[in-house]
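This is what each chain is made of:
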Amino acid sequence: MTPVTDVHYRQHVLPYYRAFGSRFGYTALLGRTRHFGWYEPGHSPWAFTAAMRRMERVVARELDLPAASSVLDAGCGVGDTARTVAAASGAYVTGIDGIEPDVAIARQRSARAGEPGGRTRFLLGNYHALPFADASFDGVYTMESFVHSPDPGQGLAEFFRVLRPGGKLVMCEYSSTPQDRLSPRAWSALVRVCELSGMPGMLTMTHGHLERLLQEAGFGVESAYDATEKMLPMLRCFSVLGRLPYAVARGVGRGDSLVNAMSGVEMYRHRETWRYNICVATRP
């Protein structure tokens, strides 16, 4: 890791994921996977696992790479996205993550799945300083991991470096509404959620900013679309589940202690503060 990202990771990201609320919520509701799902009309909002697999297949579809391509998952968690992308596209996916127990779980789950040809592998590391040679991959993707970046420019520079010419980058990430367009209450809620979740990238990447950063890094932006409505049913469920525990915690002055409950309630209540985007870019 670079010095800046190392300090941020140790002081903000790791404490968030190690907190009891995060560990319990992600395990009980999502099987330790940490991203939203994709919903179409008629899908049950409470079928979280099926929705997450659909979102992962959207990533594979947007990568649109030939079978046996090499793909980097930047922020792989326990590897569910990597396994889906590998199965859906026939790619070989390398996942990198800074949480050592998650990397171990990712390896165990892939081993239990008995993947043909060993299509996934998982390494401990950080996407701001990737341990790979230039032009190592045909594709790179992030799944709600780039919001944790304290230095988005460095992260994108690394993605550009390890992609081969013609390689594809797909990013499922949040953007935020500028402060001057929000009420003080809405802005305060957004800032608190980002601070407690170790997500400085969400505040710095206002709507359209990621696309500009991609262009500055040398990428050609193919598409960038607002997919908020596709994942909103899951957030609505999180808001329902978190309402009571968050209210109780706030009643005793401990609202910040239940970060995920707070996030579910406040980010659904203040939906004007953010968007969920899927950006697709290519290295020339």
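Please refer to the structure higher up on the page.
The numbering scheme is per chain: residues are counted from 1 as the chain's sequence reads. Under the rules for a predicted model, residues below a pLDDT of 70 receive no local features and side-chain atom pairs below 80 are neither given nor counted, while totals for whole chains, interfaces and linings still include all residues. Each side-chain value is derived from all of the structure's non-hydrogen atoms; neither hydrogens nor water enter the calculation.

## Observations concerning empty space enclosed by the protein
- Space inside and on the surface of the protein is sampled on a 1 Å grid over the protein atoms alone, with a cavity defined as a set of points where a 1.4 Å probe fits but cannot get out and a pocket as an open set with protein on both sides within 12 Å along at least 5 of 7 lines; lining residues have an atom within 4 Å of a point. Grid points are joined across faces, edges and corners, and a volume is the space filled by probe spheres set on the points. On inspection of all chains with the given rule, the structure shows one cavity of 30 Å³ or more.
- Here the largest cavity defines a volume of roughly 390 Å³.
- Surrounding the largest cavity, 31 residues form its lining, G75, C76, D97, S145 and H148 being those nearest its centre.
- Runs of H or I in DSSP of at least four residues are treated as helices and runs of E of at least two as strands, each being numbered from the N terminus. Counting only elements with at least two residues in the lining of the largest cavity, the list comes to α1 (3-18), α4 (80-89) and β2 (92-97).
- Of all the elements, α1 adds the most residues to the lining of the largest cavity, at five residues.
- Looking at the lining of the largest cavity, its residues break down into 10 nonpolar, 15 polar and six charged. Residues are grouped as follows: nonpolar covers Ala, Val, Leu, Ile, Met, Phe, Trp, Tyr, Cys and Pro; charged covers Asp, Glu, Lys and Arg; every other residue, Gly included, is treated as polar.

## Observations concerning the layout of surface pockets
- Here the largest pocket is characterised by a volume of approximately 840 Å³.
- What lines the largest pocket is a set of 37 residues, and nearest its centre among them are Y16, Y26, F238, N260 and A261.
- Contributing elements (two or more residues each) for the lining of the largest pocket: α1, α2 (20-30), α10 (228-251) and α11 (259-269).
- In terms of residues, the lining of the largest pocket owes the most to one element, α2, which gives nine residues.
- Residue composition of the lining of the largest pocket, grouped by class: 25 nonpolar, 10 polar and two charged.

## Considering the nonpolar core
- Nonpolar cores were defined as sets of buried Ala, Val, Leu, Ile, Met, Phe, Trp, Tyr and Cys residues, with membership established by side-chain atoms within 4.5 Å. Buried means the residue's accessible area, taken with a 1.4 Å probe over protein chains only, is under 20% of the maximum for its type, while exposed means over 50%, and partly exposed covers the values in between. In terms of nonpolar packing, the biggest core is built from 60 residues, with Y141, W274, Y276 and I278 touching the most fellow members.
- Ranked by residues supplied to this core, first place goes to helix α3 (residues 48-63) with eight residues.
- Among the nonpolar cores identified, the runner-up in size contains 22 residues, and F146, L163, L213 and L214 belong to it.

## Re the packing of α3 against α10
- The angle between two axes is taken between their N-to-C directions and runs from 0 to 180 degrees, where each axis is a line fitted to C-alpha atoms and a helix contributes only its stretch in contact. In contact at an axis separation of 11 Å, α3 and α10 are set at 145 degrees when each is read in the N-to-C sense. Helix-helix and strand crossings are classified by hand; for α3 and α10 the assignment is left-handed. Residues F48, A51, M52 and M55 of α3 form the contact with α10, whose participating residues are M231, M234, C237 and F238.
- Looking at the contact of α3 with α10, its residues break down into eight nonpolar, no polar and no charged. For a crossing to be left-handed, the near helix must be turned anticlockwise from the far one by less than a right angle; the clockwise case is right-handed. Two residues form a contact once any of their heavy atoms are found within 4.5 Å.

## Overview of helix α6 (residues 152-162)
- Within α6 the residues assigned to the buried category are P152, G155, L156, E158, F159 and V162. Along the axis of α6, the buried positions cluster into a sector of 155 degrees, meaning they face one direction only.
- Buried residues in α6 make contact with β1 (70-74), β4 (137-143), β5 (163-176), α8 (200-204) and α9 (209-216). What the arc measures is the spread of directions leading from the helix axis to the C-beta atoms.

## Describing the packing of aromatic side chains
- The aromatic pairing rule takes the rings of Phe, Tyr and Trp, using the six-membered ring of Trp, and pairs them if the centres are within 6.5 Å, calling planes under 30 degrees apart stacked, those over 60 edge-to-face and the rest tilted. Across all of its chains, the model carries 13 aromatic pairs by this definition.
- One aromatic cluster is present, formed by F36, W46, F48, Y174, F238, W274 and Y276 through successive ring pairs.
- Think of it as a cone above the ring: NZ of Lys or CZ of Arg counts as a charge over the ring if it is within 6 Å of the ring centre and within 35 degrees of the ring normal. Stacked on the ring of Y26, the Lys or Arg R34 has its end atom at 5.8 Å from the ring centre.
- The ring of Y92 has R119 sitting right over it, with the charged end atom 4.5 Å from the ring centre.

## Things to note about unusual backbone geometry
- Positive phi values are uncommon outside glycine, yet D64 reaches one of about 50 degrees.
- Of note, D64 is situated in the loop between α3 and β1.
- Even without a glycine there, the phi angle at E144 is positive, about 60 degrees.
- Within the secondary structure, E144 is located in the loop between β4 and α6.
- For E144, a relative accessible area of 8% puts it in the buried group.

## Looking at the pairing of β5
- Of all 14 residues that make up β5, 11 are buried, and the element is covered over most of its length.
- Strand pairing is assigned whenever DSSP identifies at least 2 bridges connecting the two strands. One ladder, built from six bridges, connects β4 with β5; its direction is parallel. When the sheet's bridge partners are listed, M143 is paired in β5 with C172.
- With the strands aimed away from the viewer, a crossover counts as right-handed if its path from the first strand over the helix to the second runs clockwise. Read from β4 through α6 to β5, the crossover connection turns out right-handed.
- As paired elements, β5 and strand β7 (residues 274-282) share nine bridges and run antiparallel to each other. Paired with S175 across the strands is R275, a residue of β7.

## A closer look at the pairing of β2
- Counting buried positions along β2 yields five of six residues, so the element is predominantly enclosed.
- Sheet topology places β1 next to β2; five bridges connect them, and they run parallel. Residue pairing across strands places D73 opposite G95, the latter belonging to β2.
- In the classification by handedness, the crossover that spans β1, the intervening α4 and the parallel β2 is right-handed.

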